[in-house]
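Architecture and fold: a report
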Amino acid sequence: MTDDTSANDTTSDFRPEARAPRGFADKRARDLRAERAILEAVSAVYERYGFEALDTGAFEYADALGKFLPDSDRPNEGVFALQDDADQGKEGQWMALRYDLTAPLARFAAQNWETLPKPFRRYAFGPVWRNEKPGPGRFRQFIQCDADTVGSARPEADAEIIAMAVEGLEAAGLPRGAAVLKINNRKLLNGLLTSAGAENAGQKLAVLRAVDKLDRLGVDGVRLLLGEGRLDESGDFTKGAGLKGKAIDSVLDFVSAGAGGRAATLDNIAKVIGGSAEGDEGLLELSRIDAALTSLGIADDQAFIDPSIVRGLEYYTGAVFEAELLLSTTDEKGNKVSFGSIGGGGRYDDLVARFTGTATPATGFSFGVTRLAAALRAAGREPGGVARGPVVVITFDQAHMPEYFSVVGQLRAAGIPAEVYLGTSGMKPQMKYADRRNAPAVVMLGGDEIAAGTVTIKDLDAGRMAAEGVTDNAAWKAERPGQQTIPRDQLVAAVQKIIGG
């Protein structure tokens, strides 16, 4: 900055407004604890499946990203980009913050392919950045967690990813029945387009977009979009795919074939698109996925085939899958909210080929950690449990600070989070501070306690329970006295009882 309002100008009256940039959220202990708990639980599942942890840098060269390739006029399109310093007389290259974890994987795999074990199985988590318009629940920076297998064309590789996603989401805190993996195959969709007589790329895309709206518009709405078009409630008209009677019926028969278990659904689909070479190939792949999932103990209510699932029309090349939250969720005001999809993935066999020119099969699953944490919280399931504060040692006299730090050191040595209050307030504000920290207890040492070799412990958890009306249980009150003065050598045991009780 060159004007008089420089941040380094301490004589200026300029005061910047304290504000976070749009789309970037501040997180306190509750949110960080939730995300950490989810990542630890999911990572344990992924490693049990034999997947290796990998972390790539926050920046990638812009021409390697693929999806949001910046052009020369708008190098920030879709991503946050900057130009690197010139190197050896050459103009600096554009590099951008990664917008997902898959593009860096493709670059890493291509760069290290000769030395990697093949297939290469890796999982990764970390922040990603997108230069898009922020909105409710939509951030420019968020945490993703991915798992991918690069180098295997076997449908069983897709099945393992699906099974791992099921187990990972359950480990993260979603009990069985709270979420389901829906599976489809792009080859089935391509076979459907062939059997429906969709002639050109525009018509094929219109059919797939109509299918993708089944959940929102229902069969009747999709029928209109497959035909001439649909007039919505606002009066806007959406042009349809232009299919005719039997072709429309075949598409609707296809998307309605998902009733029943995986095997029954495959039979239903075969009746609709059987005979199409690509459709039959997709059926065979799904049949092998079903067999592997069954062997892995993944039941139909955990993962099922849904022909209406359409993902990444220009990205996925085979199996596609989507995790849908089934739990009832409400916001902080008690209003129902819908999270819908909380993760997804599929087979993408062309991404690594951008670097090598050689087709390299790959499949993976990704979910937003922040989104999953919000969904769990909205369902009344606090990820990672309640964030507890430390035991707080109250300070009375500066002369006694060595005693306070001796006590806090004793607690920390026993693995108990603890702190000495280092503000300058009196007793009452210190108690309020401990309560705001959600401390389980405070420890008090006045001159009398120090002389007698004792400490006084106030059980804040007991006080909170009493405030909630738990006052008539004599046994509980006897076991959890609100305040007690004990010999100092009994401090750790007493605090451990409070924390563990």
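Preceding this paragraph is the structure being described.
Below: a short report on this structure. Every value quoted in this text rests on a predicted model; they were computed, and no experiment measured them.

Concerning the overall build of the protein
- Helices and strands together make up the secondary structure of the protein, namely 17 helices and 20 strands.
- The C-alpha radius of gyration of the protein comes to 29 Å, more than 25% above the 23 Å expected for a compact globule of 501 residues.
- Along the first, second and third principal axes, the C-alpha set of the protein runs to 90 × 70 × 55 Å.
- Looking at the protein as a whole, 45% of its 501 residues qualify as buried.

Some thoughts on the side chain of Q430
- Tracing the sequence through the fold places Q430 in helix α13 (residues 427–436).
- When sequence neighbours within four positions are dropped, the list of residues in contact with Q430 reads I394, T395, Y421 and S425.

Points about the pattern of salt bridges
- Scanning all chains against the criterion turns up 24 salt bridges.
- Note that K182 is salt-bridged to E324, the shortest N-O span being 2.3 Å. In this pair, K182 sits in strand β7 (residues 179–185) while E324 sits in strand β11 (residues 319–325), placing the two residues 142 residues apart along the sequence.
- Since its relative accessible area comes to 9%, K182 is described here as buried.
- According to the relative accessible area criterion, E324 is partly exposed, its value standing at 22%.
- Put simply, R388 and D461 hold a salt bridge, and the shortest N to O gap is 2.9 Å. Placement of the pair is R388 in the loop between α11 (369–378) and β16 (391–394) and D461 in helix α15 (residues 460–467), with a sequence separation of 73 residues.
- Here the salt bridges do not stand alone but share partners, grouping R30, D31, R377 and E382 into one network.

A few points about α11
- Listed in full, the buried residues belonging to α11 are V369, L372, A373, A375, L376 and A378.
- Downstream of α11 by a residue or two, G380 has a phi angle that is positive, lying close to 80°.

Focus: the layout of surface pockets
- Computed from the structure, the second largest pocket encloses a volume of approximately 340 Å³.
- If you go around the second largest pocket, you meet 14 residues; those closest to its centre are R28, A29, R30, A387 and R437.
- Sorting elements by how many residues they give to the lining of the second largest pocket places helix α1 (residues 29–48) first, with 4 residues.
- For the lining of the second largest pocket, a count of residues per class yields 3 nonpolar, 3 polar and 8 charged.

Observations concerning the pairing of strand β18 (residues 441–444)
- A two-sided burial pattern is seen for β18, the buried positions comprising A441 and V443 on one face and V442 and M444 on the other.
- As paired strands, β16 and β18 are joined by 3 bridges and run parallel to one another. Paired with I394 across the bridge in β18 is M444.

Some thoughts on the sheet that holds strand β15 (residues 362–368)
- Sheet architecture is open: 8 strands sit in the order β1-β5-β6-β15-β14-β11-β7-β10, paired in mixed fashion. Lying at the two open borders of the sheet, with one neighbouring strand each, are β1 (52–53) and β10 (303–305).
- Inspection of the sheet shows β1 paired to strand β5 (residues 120–129) by 2 bridges, in the parallel sense. Its bridge partner being in β5, A53 is matched across the sheet by Y123.

Considering the sheet that holds strand β3 (residues 81–83)
- If you trace the 3 strands from one edge of the open sheet to the other, you get β2-β4-β3, paired in antiparallel fashion. Across the chains shown, the open sheet's two edge strands, defined by having one partner strand only, are β2 (59–61) and β3. Across this sheet, the average inter-strand angle for adjacent strands is 30°, counted without regard to direction.
- Of the strand pairs in this sheet, β3 and strand β4 (residues 94–97) are connected by 3 bridges, and their pairing is antiparallel. Its bridge partner being in β4, Q83 is matched across the sheet by W94.

Section: the packing of helix α12 (residues 401–413) against helix α17 (residues 491–500)
- Packing of α12 against α17 leaves a shortest axis separation of 10 Å and a crossing angle of 60°. Here α17 runs oblique to α12, going by the angle between their axes. As α12 packs across α17, the resulting crossing turns out to be right-handed. Residues V407, Q410 and L411 of α12 touch α17, and the partners they reach there are L491, V492 and V495.
- Looking at the contact of α12 with α17 residue by residue, the classes come out as 5 nonpolar, 1 polar and no charged.

Things to note about the side chain of T56
- On the secondary structure map, T56 appears in the loop between β1 and β2.
- Its relative accessible area of 16% is what places T56 among the buried residues.

Calculation criteria
- Residues numbered from 1 in each chain as written.
- Predicted model: local features only at pLDDT ≥ 70, side-chain atom pairs only at ≥ 80, totals over all residues.
- Heavy atoms only, no water.
- Helix = DSSP H or I, 4+ residues; strand = E, 2+ residues; numbered from the N terminus.
- Rg over C-alpha atoms; globule rule 2.2 N^0.38 Å.
- Buried < 20%, exposed > 50% of the residue type's maximum accessible area, 1.4 Å probe, protein only.
- Contact = heavy atoms within 4.5 Å.
- Salt bridge = Lys/Arg side-chain N within 4 Å of Asp/Glu carboxyl O.
- 1 Å grid on protein atoms, 1.4 Å probe; cavity = no way out; pocket = protein on both sides within 12 Å on 5 of 7 lines; lining within 4 Å.
- Points joined across faces, edges and corners; volume = space filled by probe spheres on them.
- Nonpolar A, V, L, I, M, F, W, Y, C, P; charged D, E, K, R; others polar.
- Pairing = 2+ DSSP bridges.
- Axes fitted to C-alpha atoms, helices over the stretch in contact; angles between N-to-C directions.
- Parallel < 35°, antiparallel > 145°, perpendicular 65-115°, else oblique.
- Left-handed = near helix turned anticlockwise from the far one by under 90°.

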